[in-house]
Amino acid sequence: EKSAGLKLEAKALGEMIVTKESKSLVNIYFLTEASKGLGKAAKDRISDAHITVIGAGIMGAGIANSYARAGNQVLVRDMNEESLKRGKDHVTKELQKLRYLSRSERAAAGAKIEWSCWPTETLKRTDLIIEAVFESMDLKKKIFSELAKEIREDAVLASNTSSLSITEMASVIPNPSRVIGMHF
C-alpha cells in the first residue's frame, strides 16, 4: 500500500510539473531571484543620494527613517513645526526599537534627517523627492507644481499614493517622465 501511494504521488507530481501554472511559478521564482541582484547593484548607485520627503506623518517619517538608516541624507518638509516634531518623535521612537543597532548607530541615522518647514539649500541637491501627504489629488498636484520650480531638472519626483493617478499628478510639471509611483 505504501508503494502504491508513492507511485501515485510521483505520477501526480510529474503531471503537475508540466502544467502552465507550474512553469509560470518557476519563472516567477527565477525573475524574483534575478531582481534581488538588480536591487543590490542599484543600492550602490544611490548610497549617497539626497532624499527629500514631503510630509512628516507616519508614512513620511517612516520613509525618512528607512533612507537615513540606509545612509542617505534626508530632508523632511512639512507645513508646520508641530507636524515636524511629531514626525521626528516617531523616528526617534522607531530607532530606539532597533536594538540590533548601537546607540551611536541610532543617533547617526537620526542625525541624517533634516526637518524643515521652509525651502532649504538641501532641496537643490535632492536626487529623489517622495511626496507622502494624504490622498488629495489637488494637494499632490500643487506640491509637484511648486517642487518642479525649486528642484534640479534631473531630480525624480515620486508619489507614495496607493490609489491616485501618477499620470495626472505628473501633468503639472514640465517633464512628466521623471514622475513615478513609489508606494511603501
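Above this text is the structure in question.
Residue indices begin from 1 for each chain and proceed along its sequence in written order. The predicted origin of the model limits local features to residues at a pLDDT of at least 70 and limits the giving and counting of side-chain atom pairs to 80 or more, whereas totals for whole chains, interfaces and linings rest on all residues. Excluding hydrogens and water, the side-chain values take into account all heavy atoms of the structure.

Student: Would you mind showing me how to read the sheet that holds strand 4 (residues 128-131) here?
Tutor: Backbone-to-backbone hydrogen bonds pair the strands of a sheet. The strands run either parallel or antiparallel. Judged by pairing direction, the sheet is parallel, and its six strands sit side by side in the order 3-2-1-4-5-6 without closing on themselves. Single-partner strands in this sheet number two, and they are strand 3 (113-116) and strand 6 (179-181). Mean inter-strand twist for the sheet, computed between neighbouring axes without regard to direction, equals 20°. Between any two strands, at least two bridges found by DSSP are needed for them to pair. Note on conventions: DSSP H or I runs of at least 4 residues are helices, E runs of at least 2 residues are strands, and numbering of each starts at the N terminus. Alignment of strand 5 (residues 156-159) against strand 6, held across three bridges, turns out to be parallel. What sits directly across from S159, in strand 6, is G181. We call two residues in contact whenever any of their non-hydrogen atoms come within 4.5 Å of each other. Angles shown run from 0 to 180 degrees and are taken between the N-to-C directions of axes, each axis being a line fitted to C-alpha atoms and, for helices, limited to the stretch in contact. Along the sheet, helix 4 (residues 81-97) contacts strand 2 (73-77) and strand 3; its crossing angle with strand 3, the most-contacted strand, is approximately 160°.

Student: How do you make sense of the layout of surface pockets when you look at a structure like this?
Tutor: By rolling a water-sized probe across the atoms, one finds the places where empty space is left. For cavity detection a 1 Å grid was placed over the protein atoms alone, and a set of points counts as a cavity when a 1.4 Å probe fits there but cannot get out; an open set counts as a pocket when protein lies on both sides within 12 Å along at least five of seven lines, with lining residues being those that have an atom within 4 Å of a point. Grid points are joined across faces, edges and corners, and a volume is the space filled by probe spheres set on the points. As a volume, the largest pocket reaches approximately 490 Å³. For the largest pocket, the lining is made up of 21 residues, of which I54, D78, M79, V133 and I143 are closest to its centre. Of all the elements in the fold, those that place two or more residues in the lining of the largest pocket are helix 3 (58-69), helix 4 and helix 7 (137-150). For the lining of the largest pocket, the leading source of residues is helix 7, giving six residues. Ten residue types, Ala, Val, Leu, Ile, Met, Phe, Trp, Tyr, Cys and Pro, are classed as nonpolar, four, Asp, Glu, Lys and Arg, as charged, and the remainder, Gly among them, as polar. Its residues assigned to classes, the lining of the largest pocket shows 11 nonpolar, four polar and six charged.

Read these as spatial facts, not as claims about activity.
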